Each structure stands twice: as structure tokens, then as C-alpha cells.
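Working through the structure, step by step
Letter by letter, the chains look like this.
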Amino acid sequence: MADQQAQLSWREERIPVSDQFDDPYFSIQDGLAETEHVFLAGNDLPARFAPGFHIAELGFGTGLNMLATWRAWEDSGQRTALRFTSFEAFPMAPADMAKALAAFPDIAPWADRFLAQWQGIGTCDLGTLKLQVVAGDARVSLPDWTGAADAWFLDGFSPAKNPELWQPDLLQAVANHTKPGGSASTYTAAGFVRRGLEAAGFAVKRTSGFGRKRHMTTAVRAEATLK
Ligand SMILES: C[S@@+](CC[C@H](N)C(=O)[O-])C[C@H]1O[C@@H](n2cnc3c(N)ncnc32)[C@H](O)[C@@H]1O
């Protein structure tokens with residue numbers, strides 16, 4: 001399933017919906033506020049930002065999570081580069097990203113800087129952001145990744161429609177690529193996702209969800225045992 005581009009339809013001409021997964025890329029209510037609640041606050045960001053901070057993500061999609069995070073990074077006064085690595089099997093065409101991101105004028109300055117350089121996949125150095133989007137099925141590409149993240153954004157389509165992105169083996173690979181004391185969050189509170197994160201070694205919490213979703217999930221990997 002690697003090397004295929006995202007096939008989309010548009011809801012109300014502004015919300016991209018995946019034809020492959022029959023699911024929207026972000027919240028119909030307010031995608032940016034959901035990103036800030038689930039992925040930033042869910043990983044205790046921006047409070048944990050520090051030089052060298054590395055975020056990893058399952059599902060790059062429109063780049064909305066990345067842009068909201070990059071804005072928070074710059075607004076928090078960080079001057080070094082945030083590292084952001086995302087795993088994406090169906091990259092979105094930059095023109096579709098631009099159309100989707102136009103719904104969020106608050107992040108337009110960051111979207112414009114990003115879209116001026118973005119080639120659709122690979123790496124991009126934007127000064128205060130070093131982005132890498134790894135092409136292909138994360139079940140294959142993540143186990144081969146040599147990096148480790150301080151925080152993970154688990155943002156596949158809904159577990160019912162995209163179950164392969166929430167399987168225990170992949171959540172174990174996420175844990176294996178998380179720094180000690182690192183974290184993960186996701187908008188879903190599905191029991192099998194929580195159990196998968198627990199089995200992978202995370203301490204898992206169910207917390208208040210965004211909008212109509214009552215609950216979401218946050219997870220922390222224990223610090224390495226000191227000897
Ligand atoms: C909800 S969207 C992500 C939204 C994105 N984080 C944003 O800010 O716009 C889910 C993404 O997961 C990707 N995806 C689905 N299955 C995948 C897989 N097996 N490996 C990697 N990416 C996958 C989809 O193509 C889609 O871009």
C-alpha cells in the first residue's frame with residue numbers, strides 16, 4: 001500500500017475525507033482546537049518543549065498537527081529546531097494540503113512557509129523545524145526507524161476504519177521508539193488501543209476528549225530504571 005497518493009473527497013468544500021478510509025482527516029467541529037487539545041495538551045506541550053525535542057506521528061495527512069505544533073514551538077520562544085518525523089502511507093498532494101489548511105487562518109503564516117518548500121514527501125528544513133515524512137506503511141517503516149521521540153501523536157483514521165494503524169505490534173514499535181519518560185496521545189479511547197499501549201509498556205490514562213468525544217488517551221513511558 002506504499003507509494004499511493006491520498007484519494008479525497010471534500011465535505012462542504014472544506015473538510016477532506018479519505019476515499020480509501022471513508023473518514024475525515026480532522027474534526028468537523030474545529031480541527032485546530034482538537035489538535036491543541038489532543039496532541040499538544042495530551043503530551044503536556046508546550047510545557048515540555050526543550051532544545052532537541054523530537055515529535056513523531058502516525059499519519060501526516062494535511063500537516064495540520066505539525067503546523068499547530070510548530071506554531072506553539074515558535075510562540076513558546078524556542079530558537080533551535082523542533083524535530084518532527086511523521087509516517088504516512090498515502091501522502092496528500094500539496095495542492096490538497098493547501099486547500100485543507102486554508103480553513104485555519106490562524107496558522108496561515110506557518111502553512112505558507114511550509115507549503116512554499118514542501119515537495120509532498122521526504123525532508124524539509126524550515127529553520128526552527130526539521131521535518132521528515134517517511135513514505136510507506138508505518139507497520140513496515142517504523143520498526144526500521146533508527147530515531148526515538150519525546151512525544152508521539154497517534155493519529156490514524158478511526159480504529160474501526162483503519163485498524164492496521166492501531167495494532168499491538170505497531171504500538172509496541174511506537175514504545176520501542178519512545179525515549180524514557182516520553183509520551184504518546186490519541187483522540188481515541190478504544191479499549192483495544194489502550195490495552196495495546198499498556199502491553200507495550202506505557203502507563204495509560206483515559207482523559208477528557210475533545211468536542212463530542214467524551215474520552216481520549218494519554219500514555220507515558222517509564223523513565224529508565226536508575227542503577
Ligand atoms: C486522521 S489522518 C491524519 C491527520 C494528520 N495528522 C493531520 O494533521 O492532518 C490519518 C492518516 O493516516 C494515514 N495512514 C493510514 N494507514 C496508514 C499506514 N498503515 N501507515 C502510515 N500511514 C497511514 C492516512 O493516509 C492519513 O493521512
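Note: the structure precedes this text.
Turning our attention to the side chain of Q78. Tracing the backbone through its elements, the reader meets Q78 in the loop between α2 (64-75) and β5 (82-88). For Q78, the contacting residues outside a window of four places in its chain are F49, A50, P51 and W73.

Next up on the list: the nonpolar core. Judged by nonpolar contacts, the single largest core of 71 residues is most densely connected at L58, F114, L131 and W152. It is α2 that provides the largest number of residues to this core, a total of seven residues.

On to the pattern of salt bridges. Summed over the entire model, instances satisfying the criterion amount to nine salt bridges. Among the salt bridges present, the one from K213 reaches E34, with a minimum N-O distance of 3.0 Å. Of this pair, K213 sits in the loop between β10 (202-208) and β11 (215-221) while E34 sits in helix α1 (residues 31-40); the two residues are 179 residues apart in sequence, bridging distant segments of the chain. Close ionic contact of R113 with E74 constitutes a salt bridge, the shortest N to O distance being 2.9 Å. Residue R113 is found in helix α4 (residues 108-115), and its partner E74 is found in helix α2; the two are separated by 39 residues along the sequence. The class of R113 is partly exposed, set by a relative accessible area of 35%.

Our next topic: the site of the ligand. Taken together, 23 residues lie around the ligand, and G59, T62, N65, E88 and D155 are the ones closest in. Between the ligand and A89, the relevant distance is 3.1 Å, taken from a nitrogen atom to a main-chain nitrogen or oxygen of the residue. Note that a nitrogen atom of the ligand is positioned 3.0 Å from one of the side-chain N or O atoms of D137. Relative to its unbound accessible surface of 600 Å², the ligand loses 99% to contact with the protein. Using a 2 Å cut-off from the grid points, one finds that the ligand occupies the largest pocket. When contributions to the shell around the ligand are tallied by element, the ones reaching two or more residues are α2 and β5. Of the residues belonging to the shell around the ligand, the class tally is eleven nonpolar, eight polar and four charged.

For the bond from L45 to P46, the omega torsion is 10 degrees, close enough to zero to count as cis. One can find P46 in the loop between α1 and β4 (54-58). At D22, a residue that is not glycine, the phi angle is positive and equals roughly 55 degrees. Within the secondary structure, D22 sits in the loop between β2 (15-18) and β3 (23-24).

Let us look at the layout of surface pockets. Its boundaries defined by the atoms lining it, the largest pocket holds a volume of some 830 Å³. Counting residues per element, the ones that place at least two in the lining of the largest pocket are β3, α1, α2, β5 and α5 (138-144). Examining the composition of the lining of the largest pocket, we find that four residues originate from one element, α1, more than from any other. In the lining of the largest pocket, the residues fall into 17 nonpolar, 14 polar and ten charged.

A separate point is the pairing of β4. Within β4, five of the five residues are buried, which leaves the element mostly enclosed by the surrounding structure. The alternating pattern of β4 places H54, A56 and L58 on one face and I55 and E57 on the opposite face, and all of these are buried. You can see the chain leave β4, run along α2 and come back into β5, and the turn it takes is right-handed. Relative to strand β8 (residues 149-154), β4 runs parallel, the two sharing four bridges. Looking at β8, one finds that A56 is bridged to W152.

Rules used in this analysis
- Residues numbered from 1 in each chain as written.
- Predicted model: local features only at pLDDT ≥ 70, side-chain atom pairs only at ≥ 80, totals over all residues.
- Heavy atoms only, no water.
- Helix = DSSP H or I, 4+ residues; strand = E, 2+ residues; numbered from the N terminus.
- Contact = heavy atoms within 4.5 Å.
- Core = buried A, V, L, I, M, F, W, Y, C linked by side-chain atoms within 4.5 Å.
- Buried < 20%, exposed > 50% of the residue type's maximum accessible area, 1.4 Å probe, protein only.
- Salt bridge = Lys/Arg side-chain N within 4 Å of Asp/Glu carboxyl O.
- Near = heavy atom within 4 Å.
- Polar contact = N/O pair within 3.5 Å; in protein donor to acceptor, adjacent residues only side chain to side chain.
- Areas by Shrake-Rupley, 256 points an atom, 1.4 Å probe, with all protein chains shown as cover.
- 1 Å grid on protein atoms, 1.4 Å probe; cavity = no way out; pocket = protein on both sides within 12 Å on 5 of 7 lines; lining within 4 Å.
- Sits in = over half its atoms within 2 Å of the grid points.
- Nonpolar A, V, L, I, M, F, W, Y, C, P; charged D, E, K, R; others polar.
- Points joined across faces, edges and corners; volume = space filled by probe spheres on them.
- Right-handed = clockwise from strand over helix to strand, strands pointing away.
- Pairing = 2+ DSSP bridges.

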